[in-house]
Amino acid sequence: MNSRTYDALYGPTRIAPAPRRPGVVFLSAVLWLLTSLSVSWLCALVGIAALWGAAAGEPVGGLLLGCSVVLCGGVGVFVAICRAPAVRRMSGDVRSLLLGALACPVPLVLASAAWFSVG
C-alpha cells in the first residue's frame, strides 16, 4: 500500500511506546544509586590515601596504578557486556536493571570492606 494512501485513510503512522514497568525502573534506580555511592566512596578513599601518602613523602604510584588498572579492566568488561547483541536487543528498563545488577556487587562489597577496615 502506498504510504500517502495509508496516511489519507488512517492518519499518520504512530508507533506506540513500550509499556513502562515501575517496579523494574525503581529496582534499577536503587541498584544504580548503590553503585554510584559505593564507587564515589572508593574514589574518595583512594584520593585521600594518595594525598596523605604524597604529603608524608611516601611513593603512591603503586596504589594509584593498581586502582587505575582495576578500574580500566572493570570498565572494559562492562562496556563489552553493554555492547553485546543480546543485551542491546533488550528493552531499556530491563537492560538498565541487568547492567545495574552486574555493576553493583563488586563496588558495594569493596566499599563495605573498606568502610569496616578503615574504621
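What counts as what
Residues numbered from 1 in each chain as written. Predicted model: local features only at pLDDT ≥ 70, side-chain atom pairs only at ≥ 80, totals over all residues. Heavy atoms only, no water. 1 Å grid on protein atoms, 1.4 Å probe; cavity = no way out; pocket = protein on both sides within 12 Å on 5 of 7 lines; lining within 4 Å. Points joined across faces, edges and corners; volume = space filled by probe spheres on them. Helix = DSSP H or I, 4+ residues; strand = E, 2+ residues; numbered from the N terminus. Nonpolar A, V, L, I, M, F, W, Y, C, P; charged D, E, K, R; others polar. Axes fitted to C-alpha atoms, helices over the stretch in contact; angles between N-to-C directions. Parallel < 35°, antiparallel > 145°, perpendicular 65-115°, else oblique. Left-handed = near helix turned anticlockwise from the far one by under 90°. Contact = heavy atoms within 4.5 Å. Buried < 20%, exposed > 50% of the residue type's maximum accessible area, 1.4 Å probe, protein only. Patch = residues over 30% accessible without salt bridge, like charges linked within 9 Å, V, L, I, M, F, W, Y side chains within 5 Å. Areas by Shrake-Rupley, 256 points an atom, 1.4 Å probe, with all protein chains shown as cover. Salt bridge = Lys/Arg side-chain N within 4 Å of Asp/Glu carboxyl O.

**Q** Report on the layout of surface pockets, specifying residues and quantitative values.
**A** Computed from the structure, the largest pocket encloses a volume of approximately 800 Å³. Considering the residues around the largest pocket, the lining is formed by 22 residues, among which V39, V70, L71, V106 and P107 are closest to the centre. For the lining of the largest pocket, the secondary-structure elements that each account for two or more residues are α2 (22-55), α3 (61-82), α5 (92-103) and α6 (105-118). Ranked by residue count, the leading element in the lining of the largest pocket is α3, at 11 residues. Within the lining of the largest pocket, the residues separate by chemical class into 18 nonpolar, 4 polar and no charged.

**Q** Provide a residue-level description of the packing of α2 against α6, including the pertinent values.
**A** For any two helices packed against each other, one specifies the inter-axial angle together with the distance between the axes. The N-to-C vectors of α2 and α6 enclose an angle of 45°; their axes lie 8 Å apart at closest approach. Classified by the interaxial angle, the pair formed by α2 and α6 is oblique. In the packing of α2 onto α6, the handedness of the crossing is left-handed. Together, T35, S38, V39, W41, L42 and L45 of α2 and P107, L108, L110, A111, A114, W115 and V118 of α6 make up the contact between the two elements.

**Q** Please set out the side chain of S28 residue by residue, giving values where relevant.
**A** Its location among the elements puts S28 in helix α2. S28 gets classed as buried once you look at its relative accessible area, which sits at 4%.

**Q** Tell me about a nonpolar patch on the surface, and please be specific about residues and values.
**A** A cluster of nonpolar side chains, namely F26, V30, L34 and L108, defines an oily patch on the protein surface of about 320 Å² accessible area. Take the nonpolar patch: its biggest share by element is 3 residues, from α2. Note on placement: F26 falls in helix α2.

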